[in-house]
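# Notes for the structure review
Each chain, letter by letter, is given below.
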Amino acid sequence: MRTHPRWPVRAAAAALLLAAAACSQEEPPPAASRPQAATTTCASKGTLTMWERSGGNKQMVDMLVAAWNTKNPDCKINLTYIPHTEMVGKIAQGVAAGDVPDLMGMDLIYAPQFEKEQQLVDLTDQIKDWPELKTASKGHMTVATYEDRLFGIPLYADVSALFYNKDLFTRAGLDPDKPPTSLAELRSYADKITALGGGVKGYYLPGNCAGCNIFTVGPLMWASGATIEAAGPGEEPLVGDGVKQVLQFTRDMVKAGNVLEGGRAENGETFHLQFGSGKVGMMGTGNFNITLARQQNPR
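Note that the structure is predicted; figures quoted are calculated from it, not measured. (Residues numbered from 1 in each chain as written. Predicted model: local features only at pLDDT ≥ 70, side-chain atom pairs only at ≥ 80, totals over all residues. Heavy atoms only, no water.)

### Observations concerning the overall build of the protein chain
Check the secondary structure of the protein chain and you find 11 helices and 10 strands. Looking at the protein chain as a whole, 45% of its 299 residues qualify as buried. Within the protein chain, contacts between residues at least 6 apart in sequence are counted, and of these 74% link residues at least 24 apart. Carbon together with sulfur atoms contributes 53% to the accessible area of the protein chain, which is approximately 15000 Å² in total. (Helix = DSSP H or I, 4+ residues; strand = E, 2+ residues; numbered from the N terminus. Buried < 20%, exposed > 50% of the residue type's maximum accessible area, 1.4 Å probe, protein only. Contact = heavy atoms within 4.5 Å. Areas by Shrake-Rupley, 256 points an atom, 1.4 Å probe, with all protein chains shown as cover.)

This is the structure we're talking about:
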């Protein structure tokens, strides 16, 4: 499961419950000169700046920011969306230049590195008594904590799931009420759906988006018996026969023509729009696609 905490950046303030994100492919941020410490409070009048990565969670983030701005008219959030493939690099550059937002949505994969470099605001003392922290996602809280200090709080989590198009199942002679339960069935069903022609493909894989892949292919590896996360220091992640098995499965899917040709170049910018196009039979994606698919198919 991919989860996405949002993180206040060292250089300003916020007592805003934030979290988010998807995964991108930039290299980890370099160590940089330290900007001035944040005030960690919102001025009685003024604005807070926030960076959020583009992608499928935009609607939800827009709603949350709008709700905040309605409740806090003297301390509104000015929200800017950054292409998710550029986000980490932009943050690293901003830290080095001392020009960063008050708040940002950060992929939890990179958060510990920013925490270690002291480039995020230490929120521990300001929010230690918040009752919400007792029921907050343990995964988010673990990644948001560095040396027993808290640097972020969760806002939402994306849950990996296999979506399938019942209309295409029916057209391909498959039972629309029986989704696949194994890699073999995934392949068999994809072959039948792709055979429909007309630009329809049985499966979708984002070929140029590391975060999308760990989010959608990683669960298949885990379900096939592989170890995804390192058990501790010195241990290796992504080990076990399930890793090779699933990689071979994805390679075979592409070779069989079951994946859109454009999928090879998918960097995450349009990943969330693929299922709702009606041209994809099955696709690993997230809960955000429930809303998006409905918007793309209002009838």
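### Re the environment of Ala96
One can find Ala96 in helix α2 (residues 87-97). Taking the relative accessible area as the measure of exposure, Ala96 reaches 45% and is therefore partly exposed. Put simply, Ala96 and Gln119 are 23 residues apart on the chain and 9.6 Å apart in space, counted from C-alpha to C-alpha.

### Let's talk about the packing of helix α7 (residues 183-194) against helix α10 (residues 241-255)
The N-to-C vectors of α7 and α10 enclose an angle of 5°; their axes lie 11 Å apart at closest approach. Regarding the angle of α7 to α10, the classification is roughly parallel. For the pair α7 and α10, the contacting residues are Leu183, Leu186, Arg187 and Ala190 in the first and Gln245, Val246, Phe249, Asp252 and Met253 in the second. Residues that form the contact of α7 with α10 fall into these classes: 6 nonpolar, 1 polar and 2 charged. (Axes fitted to C-alpha atoms, helices over the stretch in contact; angles between N-to-C directions. Parallel < 35°, antiparallel > 145°, perpendicular 65-115°, else oblique. Nonpolar A, V, L, I, M, F, W, Y, C, P; charged D, E, K, R; others polar.)

### Thoughts on the pairing of strand β10 (residues 280-285)
Within β10, 6 of the 6 residues are buried, leaving the element largely enclosed by the surrounding structure. Sheet analysis places strand β8 (residues 161-164) next to β10, joined by 4 bridges and oriented antiparallel. Note on β10: the bridge partner recorded for Ala161 is Thr285. Across 3 bridges, strand β9 (residues 201-204) lies against β10 in parallel orientation. (Pairing = 2+ DSSP bridges.)

### Some remarks on unusual backbone geometry
Unlike most non-glycine residues, Asp148 shows phi in positive territory, near 65°. Position of Asp148 among the secondary structure elements: in the loop between β5 (145-146) and β6 (149-150). Judged by its relative accessible area of 71%, Asp148 is exposed. Even without glycine at this site, Leu238 takes up a positive phi of about 50°.

### A closer look at α2
Each α-helix turn comprises 3.6 residues. Residues three or four places apart therefore point the same way. All buried positions along α2 are accounted for by Met87, Val88, Ile91, Ala92, Gly94 and Val95. The buried residues of α2 occupy one face: seen down the axis, they fall within an arc of 165°. Opposite the buried face of α2, by more than 90 degrees, sit the exposed residues Gln93 and Ala97. Looking at the buried positions of α2, the neighbouring elements they touch are β2 (46-53), β3 (75-82), β4 (103-105) and α3 (111-116). Just downstream of α2 lies Gly98, where phi reads positive at about 75°. (Arc of directions from axis to C-beta.)

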